[in-house]
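Overview (structure and organization)
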Amino acid sequence: MDTQKDQVTIELNDTRLEARQGQMLIEVADANGVSIPRFCYHKKLSVSANCRMCLVEVENAPKMLPACATPVTDGMKAWTKSPKAIAAQKSVMEFLLINHPLDCPVCDQGGECDLQEMALGYGGDTSRYTEGKRIIKEKDYGSLVSTEMSRCIHCTRCVRFGVEIAGIPEIGGTGRGDHMQIGTYVQKALSSELSGNIIDLCPVGALLSKPFLFSARSWELKSVPGVAPHDAVGSNIQIQTRNGKVMRVIPQENEAVNEIWISDRDRFSYLALDSEDRVTQPMVRNSDGQLVETDWQSALEAAVNGMKMVASTDGGGALGALASPSSTTEEFYLLQKLMRGLGSNSVDHRLRQQDFSGQSDQIAPQLGTTLQQIEQQNAVLIVGSDIQREQPLLSHRIRKAALSGAAVSTVNPDGIEFNFPLSGEVVTDQLTPALSAIARAMVDMGMGGDLSGLSALVADANVEPAHQAVAESLIGGEKAMVLMGEIAYRDQNQAVIYALTGAIASMSGATFSVLTEGANALGGLLAGAVPHRDTADATVDSVGMDVASMVDMAPKGLLLMGIEAESDLAAGPAAADAIRKSEFVVSLSTFADSVTMGKSDVILPLAAFTESSGTFVNAEGEWQSFGGAVAPKGEARPGWKILRVMGTMANLDGFDYNSSEDVLSEVRGLCDQAETEKWSWSALSDLGDASSCTVASTPIYQVDSLVRRSEPLQQTPLAHAGQATTGGAE
Amino acid sequence: MISEAARADIDRWVEKYPEEQKQSAVMAALRIVQDENGGSITTEMMDEVAAYLDMPPINVYEVATFYSMYEHKPVGKHKLCVCTNISCMLRNSKGVVDHLQEKLDIGFGEVTEDGMFSLKEVECLGACVNAPVMQVGEHYHEQLNPEKIDRLLDELRQES
Ligand code: SF4
Ligand code: FES
Ligand code: FES
């Protein structure tokens, strides 16, 4: 009977319930659908028990007890709605409202405010308090969060968020008694990449979205689920719209992906949607070299005819296509189908990668485990990654692991700091020798395996104590993972780094994780939008041009999808030159950048992420589909529709889809069949030049065309800090 | 800048706590820095204390604003802390306050022109038996009346 000692039975409102020993009463109530009012308690934060709103009656307790800080014990009897409990809750409510301005009609939180709701349930209809209320000057938290601190009820959720989640304590409670204020004390813009979450945490209207301020009432908004398009986490979001316009983006809870958080990038990138340089009309370059607006039919004809012309004179191999790594899987699939139909394997989306020599050994780089599993690791090695800025919410999982005792170490260039403690650090701007040394340390410890082409490199390595320590912590960790990030992935010697990192992981029995660029690089790979693989990893008869070769050789005919050459490609200006050299360029563009506008022969307005249905495959391999939240701006069309029509116009077979779901089921079907042959890693057989030249990762608010155009993001301290750390780039 | 001497003093406090709990010395550190700076601390000084004790600045601000013995504006050479809590109030602390304000021509939170005195209202000093009470530096002055106050002011003036 007492095999399950930690299981207890309690009576809540005279109903018998099972609970875990030590669980807080409020958690048990929540799990069983019993509602207890609360302000300071939050399931993702520590218990502070300072608002007293959750008072309940507990048998044999002389006073009402806060449910959020009362652990259950066997046989406990509690009542949440007894006359005593209700009286206590009412008194607390009255107390909290003493200094609250009650300005709901002019408060953005109105309609989605915990205080408003609780006041309705537990407040009186008139106030007995006639004295003056306290007024607090608003604080300046920067461009993302607006404050109205007179509304603050001192729940300290935002304070605890800074300490516990963001890892940068910036907000605190200064002064005391009725002089206490929540704030930063000195004027300071919040610097966390997750700062916007305090807007959701604040139970009142004290912290609000600054860009959204006074622009809509919450009940006017229509909410459509979506997936954030900036990193490989695939955070679930709600896109909230009014009259066909995106008004704001908020998180959608999904414990397996983003928990309840989203990064500031995910929250505020929508502000770019109405930029003046949105492309809203199809355009064709006329004989005078001028771009002129035209109708879809003529633009599509011009695009398809131009590409077919190149294919018929120079062969399909003279065509190339580059797509944003945040394109949808459907777009990737149709793009490669179109290109392969026209006779070209030159399709790529790995825009920031520079070394493709190892691509045939790198089968579907991905996380290799689930996001949730990251928290369970005992040892994590981060190789070449500013993970906190590259993948904010994945980094949050690593932080959780680190805080619960995992040994997290890094092999990184100088100057990258994280909000979690590191157990070991190898600081270097040459990743290869550092990784070789770690591998050598493992070999010396008897962990060797088949290192093939890496053998010589590893044997020559010089093991220092820092390398030894990393090797030991990985081998010692019962659950370990080795995670390769953007800095490693972009390295000019990516192939060797990839192989070494894989070798380290396999020797130590760790999970080998590779984090790629954009929101859907894995989707791109699976869909076959790469030159060396067809859909679902099928082989191709001849390997096409990768991004680097396309930049080198400037294919005669180029199809660009969602690309701003100068900022999106590792090659930057050289990529722009290649495009200018190309003879015929078709751009599916959301925004009009100068290279596209200056060169493209046909411009097809491409719908943004809120305007199109599609699917992203996140780092752990989860396929997440979403529908369009609003109609595309102007004449813009979803990418899959544009590509479908281009395929049909080019007389290619199999382009008669009715919906993006049709496209999805086709590509998904192909991938599911292939999934038996799981993704693998193999040591390089042949090793070229092993010197590496490490470049910094892309600054957090420069990763794609949306975040670059979001003014409020650009005004944050983080946007400027990012620039400072790019100093090392070529 | 925290002086060498002050640092040495702070280090003595740091030593009293476990190594990873350096920040336990924050109150002592703030007091030391405040004493050195003539009775008040600035934001820069709090930042320095934070850096020295390896803690987030906001946590230093919280401590320094919570306790009333830390001053955030310059004070006089002698800080006269008058208790106005209940016992002292019943024993005419108002008279003490009025007398001081008239004599020194300053209100609470202000400094005399010569920088000699400042006036501060404080809560119970724990010496109610001898109310009304005022604290100056490390000394309590009890059962105050106008004569006593005048004598004290003269003494303090002479001292400097
Ligand atoms: S600002 Fe909001 S979250 Fe922060 S303490 Fe006040 S009420 Fe709580
Ligand atoms: S919710 Fe329990 S005290 Fe605030
Ligand atoms: S009330 Fe003044 S000393 Fe106690």
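These notes cover the structure that comes with them. Each chain carries its own residue numbering, running from 1 in the written order of its sequence. Just so you know, chain letters begin at A and ligand numbers begin at 1, following the order they were written in. Whole-chain, interface and lining totals are the exception, using all residues; otherwise, since this is a predicted model, local features are given only for residues with pLDDT of at least 70 and side-chain atom pairs are given and counted only at 80 or more. To get the side-chain values, take all heavy atoms of the structure and skip hydrogens and water.

What follows is about the overall build of chain B. Tallying secondary structure elements over chain B gives seven helices and four strands in all. Secondary structure elements are defined from DSSP: runs of H or I of at least 4 residues count as helices, runs of E of at least 2 residues count as strands, and each element is numbered from the N terminus. Traced from its N-terminal end to its C-terminal end, chain B shows the element sequence α-α-α-α-β-α-α-β-β-β-α. With the principal axes as the frame, chain B shows a C-alpha extent of 50 × 30 × 25 Å. A burial count over chain B gives 41% of its 160 residues as buried. Working rule for contacts: check all heavy atoms of both residues, and any pair within 4.5 Å makes them a contact. Excluding contacts between residues fewer than 6 apart, the proportion of contacts in chain B whose partners are at least 24 apart in sequence is 57%. Buried residues are those whose accessible area, probed at 1.4 Å on protein chains only, stays under 20% of the maximum for their type, while exposed residues exceed 50% and partly exposed ones sit between those limits.

Residue and element names in this part refer to chain A. Structurally, the position occupied by Gly-502 is in helix 16 (residues 494-508). What makes Gly-502 buried here is its relative accessible area of 2%. Each C-alpha atom, one on Gly-502 and one on Lys-556, is 37 Å from the other, the two residues being 54 residues apart in sequence.

Stacked, edge-to-face and tilted labels apply to pairs of Phe, Tyr and Trp rings (six-membered ring for Trp) whose centres lie within 6.5 Å, assigned for plane angles under 30 degrees, over 60, and everything in between, in that order. Summed over the entire model, instances satisfying the criterion amount to six aromatic pairs over all chains. Ring centres of Tyr185(A) and Tyr61(B) lie 4.8 Å apart, and the angle between their planes is 35 degrees; on these two criteria the pair is classed as tilted. Placement of Tyr185(A) in the loop between strand 8 (181-183) and helix 5 (197-201) and of Tyr61(B) in helix 4 (residues 57-66) is noted, with the two residues assigned to different chains. Overall, Tyr185(A) belongs to the partly exposed group, its relative accessible area being 34%. Relative to Tyr67(B), the ring of Phe66(B) has its centre 5.0 Å away and its plane inclined at 75 degrees; by these criteria the two rings are edge-to-face. Take Tyr67(B): its relative accessible area is 30%, and that puts it in the partly exposed class.

Another aspect to go through is the packing of helix 7 (residues 296-314) of chain A against helix 22 (residues 639-649) of chain A. All names here are of chain A. For helices, the fitted line uses only the C-alpha atoms of the stretch in contact; every axis is such a line through C-alpha atoms, and the angle between N-to-C directions lies from 0 to 180 degrees. Here helix 7 crosses helix 22 at 60 degrees, and the two axes come no closer than 10 Å. The angle between the axes of helix 7 and helix 22 places the two elements in the oblique class. For the crossing formed where helix 7 meets helix 22, the hand is right-handed. Contacts between helix 7 and helix 22 involve Trp-296, Gln-297, Leu-300, Glu-301, Ala-303 and Val-304 on the former and, on the latter, Ile-642, Val-645, Met-646 and Met-649. Think of it as three bins: nonpolar holds Ala, Val, Leu, Ile, Met, Phe, Trp, Tyr, Cys and Pro, charged holds Asp, Glu, Lys and Arg, and polar takes everything else, Gly as well. A class-by-class count of the residues in the contact of helix 7 with helix 22 yields eight nonpolar, one polar and one charged. Roughly parallel means an angle under 35 degrees; roughly antiparallel means over 145; roughly perpendicular covers 65 to 115; every other angle is labelled oblique. Left-handed describes a crossing whose near helix is turned anticlockwise from the far helix through less than a right angle; right-handed describes the clockwise counterpart.

Okay, the pattern of salt bridges next. Residue and element names in this part refer to chain A. The rule for a salt bridge is simple: a side-chain nitrogen of Lys or Arg has to be within 4 Å of a carboxyl oxygen of Asp or Glu. A full pass over the atoms with the stated rule returns 42 salt bridges over all chains. In this structure, Glu-94 engages Arg-128 in a salt bridge whose closest nitrogen and oxygen atoms are separated by 2.7 Å. Here Glu-94, found in helix 2 (residues 83-97), pairs with Arg-128, found in the loop between helix 3 (114-122) and strand 6 (145-147); they are 34 residues apart in sequence, far enough to count as distant. The exposure class of Glu-94 is partly exposed, given its relative accessible area of 32%. Close ionic contact of Glu-220 with Arg-242 constitutes a salt bridge, the shortest N to O distance being 2.8 Å. You can see Glu-220 sitting in the loop between strand 9 (207-209) and strand 10 (222-227) and its partner Arg-242 sitting in strand 11 (residues 236-242), a full 22 residues away along the chain. By relative accessible area, Glu-220 is classed as partly exposed at 36%.

Residues and elements named next belong to chain A. Compared with the 21 Å implied by 1.5 Å per residue over 15 residues, the 21 Å span of helix 2 between its first and last C-alpha is a close match. Taken residue by residue, helix 2 has Ala-85, Ala-88, Gln-89, Val-92, Met-93, Leu-96 and Leu-97 as its buried positions. In a view along the axis of helix 2, the buried residues occupy a sector of 165 degrees, so they form one face of it. Set apart from the buried face of helix 2 by more than 90 degrees, the exposed residues are Pro-83 and Phe-95. Tucked into the core, helix 2 has its buried residues touching strand 3 (55-58), strand 5 (77-79) and helix 3. By this rule the span expected of a helix is its residue count minus one, scaled by 1.5 Å. In this context, the arc is that of the directions from the helix axis out to the C-beta atoms.

Turning next to the interface of chain A and chain B. With twelve residues of chain A in contact, the opposing surface of chain B contributes ten residues. By buried area we mean how much accessible surface two parts lose on assembly, using a 1.4 Å probe and totalling the loss over both. Of the roughly 910 Å² buried where chain A meets chain B, counting both sides, 64% is carbon and sulfur surface. Sorting the residues of chain A by area buried against chain B places Pro169(A), Arg176(A) and Tyr185(A) first, and these three jointly supply 55% of that buried surface. At the boundary of chain A and chain B, one finds zero salt bridges. In protein, a polar contact requires one atom able to donate a hydrogen and another able to accept it; more generally it is a pair of N or O atoms within 3.5 Å, and residues adjacent in sequence count only if both atoms are side-chain atoms. Scanning the region where chain A abuts chain B turns up three residue pairs in polar contact (both at pLDDT 80 or more). Sort the elements by how many residues they give to the side of chain A that touches chain B and strand 7 (residues 172-174) of chain A lands first, with three residues. Taken together, the residues of the side of chain A that touches chain B break down into four nonpolar, six polar and two charged.

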